[in-house]
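Observations on the model geometry
So you can see what is in the structure, the chains are spelled out below.
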Amino acid sequence: MSETISETFSLDGIDPLLFYGANDAHLLLIEEAFQTKIAARGDTIRITGNATDVMGVLCLFEHLSELVLKGKHLHKKDVKALIDMVRDNTGEESPDPATNTIVVSTKKECIRPRSRGQKLYVQAVKQYDVVFAIGPAGTGKTYLAVAMAVAALKKEDVRRIILARPAVEAGETLGFLPGDLKEKIDPYLRPIYDALYEMIPPLKLKKLIDEKIIEIVPLAYMRGRTLNNAYVILDEAQNSTLMQMKMFLTRLGVRSKAIITGDITQVDLPEHKISGLIQIQHILSELQGVKFIYLTEKDVVRHILVQEIIKAFKEYEQNRLNSDTAQSVEKVKDVTLAQEG
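Below is a short write-up of the structure. Everything numeric here is computed off the predicted structure, so don't read it as measured data.

1. Focus on unusual backbone geometry
Unusually for a residue other than glycine, Glu236 sits at a positive phi of about 55°. Inspection of the secondary structure assignment puts Glu236 in the loop between β7 (230–234) and α9 (242–249). Note on Glu236: relative accessible area 27%, which makes it partly exposed. We note that Arg255 has phi near 55°; this positive angle belongs to a residue other than glycine.

See below:
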């Protein structure tokens with residue numbers, strides 16, 4: 001029997017009468033279509049039902065709110081069309097809707113993969129115990145990892161979430177930064193905090209952190225631990241060495257999952273150090289239970305210009321590589337000619 005969950009949706013700046021329809025007609029239609037219980041009070045709606053149906057309703061509400069904000073006067077046929085669309089999108093590429101929907105929501109959004117690469121990423125996490133997500137900025141690597149961890153904690157599939165990041169100095173010396181050790185390290189962990197604050201109310205998040213159900217730590221603090229019943233995430237893994245990567249992966253205990261995310265084109269390690277994320281691909285690529293997912297600019301879900309910026313940098317790096325290679329060949333020719341002369 002499917003687990004029953006309850007989620008809320010807030011109508012921020014939307015006229016409830018336009019959204020609900022005459023005599024709550026729109027809500028009744030949605031309630032029947034998704035076999036959920038929908039209770040509206042003022043500008044807050046509570047949806048109760050099995051996880052898949054509740055997340056489908058949240059997605060539907062997201063689309064409906066966008067239409068109302070654009071000035072669209074909703075009719076029953078509009079709501080029915082959106083119901084069909086949400087069902088079609090949720091079932092895309094999988095007969096199981098839950099495969100493509102993550103059971104956690106922000107205030108105005110249900111979280112779900114938005115590109116083919118992201119869908120493969122979510123599916124891989126469901127099927128494998130260790131998943132590497134490698135790709136450029138904006139492809140949802142960290143956000144989706146955190147969302148899947150929060151969803152697993154919510155369903156009690158795991159008891160803890162551990163989120164780690166290397167505290168790479170990136171041109172600055174930590175000792176010269178103001179504050180105690182926590183204040184010096186927190187800026188490196190801020191993106192993880194930001195993702196969590198979107199998915200968990202601040203007071204509840206603080207309680208979970210205080211009780212160490214959720215831990216956000218520098219990678220170095222993982223040494224010597226064994227993590228059972230946990231979702232373990234290593235973010236910005238391109239800034240870890242191979243030995244740090246080995247240390248992290250060998251922390252994994254019984255009934256635990258690990259997600260390792262990073263962008264191998266954005267390594268901030270000193271020049272004499274090689275990224276562990278680059279090396280680990282050759283070491284673990286054939287290991288069963290481990291999956292590598294490669295995201296590209298096509299999976300970027302930020303501003304449309306971000307895709308173009310990534311492509312431009314990619315072309316620039318390739319042209320520079322070709323130029324350097326050509327110069328090296330010319331130098332070899334010059335040296336050879338000089339020796340023959």
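From this point, things continue past the structure.
2. As for the pattern of salt bridges
Taken as a whole, this structure holds seven salt bridges when the rule is applied. Of the charged contacts, one joins Lys207 and Glu211 as a salt bridge, the two residues approaching to 2.9 Å between their closest N and O atoms. Among the charged side chains, a salt-bridge network with shared partners connects Arg160, Glu215 and Arg225.

3. Regarding the packing of aromatic side chains
Inspection of the entire model under this criterion finds six aromatic pairs. Centre to centre, the rings of Phe132 and Phe292 are 4.5 Å apart; their planes meet at 10°, and the pair counts as stacked. Residue Phe132 is located in strand β4 (residues 130–134), and its partner Phe292 is located in strand β9 (residues 290–294); the two are separated by 160 residues in the primary sequence. Pairing Phe292 with Tyr294 gives two aromatic rings, centres 6.4 Å apart and planes at 15°, and the pair type is stacked.

4. A few points about the nonpolar core
Tyr121, Leu163, Leu196, Ile214 and Tyr231 are the most contacted members of the largest nonpolar core, which totals 35 residues. Elements with a contribution of two residues or more to this core: α5 (116–127), β4, α6 (141–154), β5 (160–165), α7 (181–199), α8 (202–210), β6 (214–218) and β7. Counting residues per element, this core draws most heavily on α6, at nine residues. Non-local contacts of Ile214, meaning those with residues more than four positions away in its chain, are made with Leu153, Ile161, Leu163, Leu196, Ile200, Leu205, Leu208 and Ile209. Residues Ile5, Phe19, Ile47 and Leu82 belong to the second largest nonpolar core, which totals 28 residues.

Each value, and the rule that gives it
- Within every chain, residues take consecutive numbers counted from 1 along the sequence as written.
- Local features in a predicted model are, by the rule used here, given only for residues with pLDDT of at least 70; side-chain atom pairs are given and counted only at 80 or more, and totals for whole chains, interfaces and linings are based on all residues.
- Think of the side-chain values as coming from all heavy atoms in the structure, minus any hydrogens and water.
- The way it works is that DSSP assigns letters per residue, a run of H or I at least four long becomes a helix, a run of E at least two long becomes a strand, and they are numbered from the N terminus.
- Residue burial is assigned from relative accessible area. The probe radius is 1.4 Å, only protein chains are included, and a residue is buried under 20% of its type maximum, exposed over 50%, and partly exposed in between.
- The working definition used for a salt bridge is a side-chain nitrogen of Lys or Arg within 4 Å of a carboxyl oxygen of Asp or Glu.
- Stacked, edge-to-face and tilted labels apply to pairs of Phe, Tyr and Trp rings (six-membered ring for Trp) whose centres lie within 6.5 Å, assigned for plane angles under 30 degrees, over 60, and everything in between, in that order.
- Side-chain atoms within 4.5 Å link the members of a nonpolar core, which is a set of buried Ala, Val, Leu, Ile, Met, Phe, Trp, Tyr and Cys residues.
- Contacts are assigned to residue pairs that have any heavy atoms within 4.5 Å of one another.

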